[in-house]
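# An overview of the molecular structure
Single-letter residue listing:
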Amino acid sequence: MKKLIPIIVNLIPRPWLIRFSLVFMKFLPIIYRGHNVTCPICGGHFRKFMSYGYNVVREQAMCPKCLSLERHRLLWLYLKNRTSFFTARLKVLHVAPEQCFHKRFRMMKNLEYITADLESPLADIKLDIQKTPFQDNEFDVIICNHVLEHVSDDRKAIAEIFRVLKHGGFALLQVPTDYSMETTYEDASVTDPAERERKFRQKDHHRLYGQDYPERLAKAGFTIREENYLMVLSGAERDRFKLPAMEYMYGYYKE
Ligand SMILES: [Zn+2]
């Protein structure tokens, strides 16, 4: 099964993966029932989380009920414990909406919630994040996770996100990162999918971010107000919720 997961993820187009998962997910919570781990998003308790990964399969990664991954559970906890996302009246743009979030966010009465994507059947509007149809200062919150590594000009996309965000608003802009690298590795001459996969971890990635990623956002005008949220949580919490071993988790604010 471990060898099968990357093959399935690579072979089947993303919109079809989403449709298949909607059928399978009805049975998974029964198979995985137990009390060793907790998903903060759906509130489910399980024997363990499912293994999952694109190239390298990770143990205890995916929730069998809402299909959240480690990074989704971290982001949810950040929104819940560090922001007014669940209580304040907010206009939210969610780019490439994750399956575990979009229905929950859509049902929240305090949010004016707009989803966008290049191709997903889940999104309200189709757009390229490098050039959006929105006015300046339109959104209180922009969520755009694991998108910028797919964008050819990520500085343009970051500038666009900053432009449409209101003053006082924040963006969540998580990206896959190699924390062993000080500097982001990018080379526009690498266009072959196999070479991209070898150098940037995935055939449709344009770069591999390093420790300097937050600086790229700071250069666009964003402010980081607090410390890395993952490190604020206790070891017991990180284990119970099976959070990422290492991930920067900041809100990027427009002051
Ligand atoms: Zn869940």
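Residues numbered from 1 in each chain as written. Predicted model: local features only at pLDDT ≥ 70, side-chain atom pairs only at ≥ 80, totals over all residues.

## Digging into the environment of K242
By the element assignment, K242 lies in the loop between α10 (235–240) and β13 (252–253). Ignoring sequence-local partners within four residues, the contact set of K242 consists of V37, F49, Q60 and E70. (Helix = DSSP H or I, 4+ residues; strand = E, 2+ residues; numbered from the N terminus. Contact = placed C-beta atoms within 7 Å.)

## Remarks on the pairing of strand β6 (residues 111–117)
Pairing analysis gives six bridges linking strand β5 (residues 90–95) to β6, with the strands arranged parallel. Bridge assignment links K91 to a residue of β6, and that residue is E112. Read from β5 through helix α5 (residues 99–107) to β6, the crossover connection turns out right-handed. (Pairing = 2+ DSSP bridges. Right-handed = clockwise from strand over helix to strand, strands pointing away.)

## Regarding unusual backbone geometry
Its identity as a non-glycine residue notwithstanding, L67 has a phi of 65°, on the positive side. If you check the backbone angles, K242 has positive phi at about 50° while not being a glycine.

## Comments concerning the sheet that holds strand β12 (residues 223–224)
Pairing within the open sheet is mixed, and its seven strands lie in the order β7-β6-β5-β8-β9-β13-β12. Of all strands in the sheet, those bounded by a partner on one side alone are β7 (125–126) and β12. As defined by bridge partners, β12 adjoins β13 across two bridges and the pair is classed as antiparallel. Residue pairing for β13: I224 is matched across the bridge by Y252. α5 rests against β5 and β6 of the sheet, and its axis sits at about 150° to β6. (Axes fitted to C-alpha atoms, helices over the stretch in contact; angles between N-to-C directions.)

## Focus: helix α6 (residues 154–164)
When we look at burial in α6, the residues that qualify are D154, A157, I158, E160, I161 and V164. An end-on view of α6 places all buried positions within 160° of arc, on one side of the element. Residues of α6 that are buried sit in contact with β8 (139–144), β9 (165–172) and α8 (213–219). (Buried ≥ 20, exposed ≤ 12 C-beta atoms within 10 Å, placed from the backbone. Arc of directions from axis to C-beta.)

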